[in-house]
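So the chains spell out like this:
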Amino acid sequence: MWKKKKSKFPGGIHPTDGYDKTLTMNLPVQEYWPESVTILSEQSFGGKCGLLVSPGDQVKAGALIGKPEAFMAAPLHASVTGEVLDVKEVCNQGRMLLACIIKADERQEQGRTEQKYETELIDINEISREEILDGIRNGGLTGMGGAGFPTHKKYETDKIIDTLLINGVECEPFLTCDYRLMMEKSSAVLNGVALLFKASGAKEAVICIEDNKPEAIKRLREILDQGKNQNASQGFEGIRVEELPTQYPQGGERQLIQGVLNKEVPAGGLPADVGVIVSNIGTARAAADMVLGKTPLTRRIVTVTGCVKQPGNYLVPVGTSAKELVALCGGVTVKENRIIAGGPMTGPCVASDWDNGEELFYVTKNTSGILVLLTTVFAETSS
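Source: prediction; values computed, not measured. In this convention, every chain numbers its residues from 1, walking through the sequence in written order. Local features in this predicted model are restricted to residues of pLDDT 70 or higher, and side-chain atom pairs are both shown and tallied only at a pLDDT of 80 or more, whereas totals for entire chains, interfaces and linings draw on every residue. As a convention, hydrogens and water are excluded, and side-chain values are obtained from all of the structure's heavy atoms.

### Here's the deal with the overall build of the protein
Thought 1: Helix and strand content of the protein: 11 helices and 17 strands.
Thought 2: For a compact globule of 383 residues, the expected C-alpha radius of gyration is about 21 Å, and the protein comes in at 20 Å, within 12% of that figure.
Thought 3: When its C-alpha atoms are laid out on the principal axes, the protein stretches across 50 × 50 × 40 Å.
Thought 4: Across the 383 residues that make up the protein, the buried fraction comes to 56%.
Thought 5: Residue pairs at least 24 apart in sequence account for 72% of intrachain contacts in the protein once pairs closer than 6 positions are excluded.
Thought 6: Only carbon and sulfur atoms are counted for the fraction: they give 49% of the accessible area of the protein, which is about 16600 Å².
Thought 7: Charge centroids of the protein, computed over 41 positive and 48 negative side chains, lie 3 Å from each other. Secondary structure elements follow DSSP: runs of H or I no shorter than four residues count as helices, runs of E no shorter than two count as strands, and numbering proceeds from the N terminus. A radius of gyration in this sense is built from C-alpha atoms; the matching globule rule multiplies 2.2 Å by the number of residues raised to 0.38. The cut-offs for exposure are 20% and 50% of the maximum accessible area for each residue type, with area from a 1.4 Å probe on protein chains only; residues under the lower value are buried, those over the upper are exposed, and the others partly exposed. Every residue pair with non-hydrogen atoms within 4.5 Å of one another is taken to be in contact. Every accessible area reported is derived by Shrake-Rupley at a probe size of 1.4 Å, with residue values counting cover from the shown protein chains alone. The positive count covers Lys and Arg only, the negative count covers Asp and Glu only, and His and the chain ends enter neither. Taken as the charge centre is NZ of Lys, CZ of Arg, CG of Asp or CD of Glu, depending on the residue.

### Here we look at the sheet that holds strand β17 (residues 369-374)
Thought 1: Two strands are said to pair when DSSP picks up at least two bridges between them. The mixed open sheet is built from 6 strands, whose spatial order is β1-β14-β13-β17-β15-β16. Looking along the sheet, the strands with just one partner apiece sit at the ends: β1 (30-31) and β16 (349-352).
Thought 2: Both β1 and strand β14 (residues 312-317) contribute to a ladder of 2 bridges, which runs parallel. Bridge pairing links E31 to L315 in β14.

### Overview of the packing of helix α5 (residues 177-184) against helix α9 (residues 281-291)
Thought 1: Here α5 crosses α9 at 45 degrees, and the two axes come no closer than 9 Å. Comparing their axes, α9 and α5 come out oblique. Handedness of the α5/α9 crossing: left-handed. On the side of α5, the interface is formed by D178, L181 and M182, while α9 contributes I281, G282 and R285.
Thought 2: Split by residue class, the contact of α5 with α9 holds 3 nonpolar, 1 polar and 2 charged. With axes taken as lines fitted to C-alpha atoms, and helix axes fitted only over the stretch in contact, angles between N-to-C directions fall between 0 and 180 degrees. Angular relationships are summarised with four words: roughly parallel below 35 degrees, roughly antiparallel beyond 145, roughly perpendicular across 65 to 115, and oblique for the angles in between. Crossings are classed by handedness, with left-handed meaning an anticlockwise turn of the near helix from the far one by less than a right angle and right-handed meaning a clockwise turn. Charged residues are taken to be Asp, Glu, Lys and Arg, nonpolar residues to be Ala, Val, Leu, Ile, Met, Phe, Trp, Tyr, Cys and Pro, and polar residues to be all remaining types, Gly included.

### Section: empty space enclosed by the protein
Thought 1: The definitions used throughout rest on a 1 Å grid laid over the protein atoms alone, on which a cavity is an enclosed set of points accommodating a 1.4 Å probe that cannot get out and a pocket is an open set flanked by protein within 12 Å on both sides along at least five of seven lines; lining residues are those having an atom within 4 Å of a point. Grid points are joined across faces, edges and corners, and a volume is the space filled by probe spheres set on the points. Counting across every chain of the model gives 1 cavity of 30 Å³ or more.
Thought 2: Here the largest cavity is characterised by a volume of approximately 50 Å³.
Thought 3: Lining the largest cavity are S41, Q43, S44, G47, C49, M72, A73, A74, T142, G148 and K365.
Thought 4: Tallied by class, the residues present in the lining of the largest cavity amount to 4 nonpolar, 6 polar and 1 charged.

### Observations concerning the side chain of S41
Thought 1: Among the secondary structure elements, S41 is positioned in the loop between β2 (36-40) and β3 (49-51).
Thought 2: When neighbours within four sequence positions are excluded, S41 is seen to be in contact with G47, K48, C49, L51, L76, L98 and A99.

### Notes on the sheet that holds strand β5 (residues 64-68)
Thought 1: Spatially, 3 strands are ordered β3-β5-β6 in an open sheet, and the strand pairing comes out antiparallel. Only two strands of the sheet have a single partner each, and these edge strands are β3 and β6 (76-77).
Thought 2: Alignment of β3 against β5, held across 3 bridges, turns out to be antiparallel. The residue of β5 that forms the bridge with C49 is P68.

### Quick notes on helix α7 (residues 214-230)
Thought 1: What a helix is expected to span follows from its residue count: subtract one and scale by 1.5 Å. Over its 17 residues, α7 extends 24 Å from the first C-alpha to the last, a length consistent with the 24 Å expected when each residue adds 1.5 Å.
Thought 2: For α7, the full list of buried residues reads A216, I217, L220, I223, L224 and G227. For α7, the angular spread of buried residues about the axis comes to 145 degrees, placing them on one side. Turned more than 90 degrees from where α7 packs its buried face, N229 and Q230 sit exposed.
Thought 3: Looking at the buried residues of α7, the elements they touch are α5, α6 (186-200), β10 (204-210) and β11 (239-244). Here, the arc refers to the directions that run from the helix axis to the C-beta atoms.

Right under this line is the structure:
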């Protein structure tokens, strides 16, 4: 049970016991490499890319396979090394989208040695703002907790930015992928925050976490303090962690800005209009991977939870089958069910009374979870 604090924005929902989070929050992330991936040309709604590959092509993980053709699009990269089996339209959540299907080689990145930026804070003093922006743009970074907005477009604003907010709130029930990221890859996350902080030109950066994640708050604060004590010029001065009350929808950009900074984004406006940029904690990690590790955004953590035999968090390549991940967790445990892509508050229902049969959807850069709920939950809610 966590300590309740006074809410900082009006309205919202106040969770009570946190049982939904406890299903997966203490389970370490597991790597999973599927035999093939189906990478959608549209990773977010309206974010269409033109595919650059053809059947029979050999591709390496991280290779550019799609160029943006729309405002909401970011560059698209192969998430596995292997052979392009086909380029065709597939059905994904009721929409027909062009996709690249890649058969993965048997050996991928299992057992890869971690790089320095993944295990300790590093000095980013010699990395210019322009280098960071190039990395964000070319690495295909997008928002990883919401609509998948291309990250570089936020940081290339002509507005004066005073504050960078890093969204580690994860207020959506059941989801714990961001929490596990903060716990297991703390140094990579903080190095990414420092890079985004420099790219934003802001005076301060605030890592925002709800108080139902005390271990993540403690861990990031400790590592951040150690880094500041060791070398104040590393780029971590001006970065702090703020503990927020557990309240949905704390992670919404407008609510987060109001809750932390007491500023209101005008109707029809953007966070930059009040001097703020908001980025997800996963996007910060992706920035570190690209700028420091030269690895584009090709994998992410997905929470698979609810009425499945063995809930968990999995690090998977973009394009992984959701059906395959549910099977990996032992399958659904209730006949009358709803399958949600994401969390229960904002995620769309992609199937009803699903029996482990047809495909559900394919993981994109902003897929945070796969949730199986008992149908009676919906009936009780609507009655």
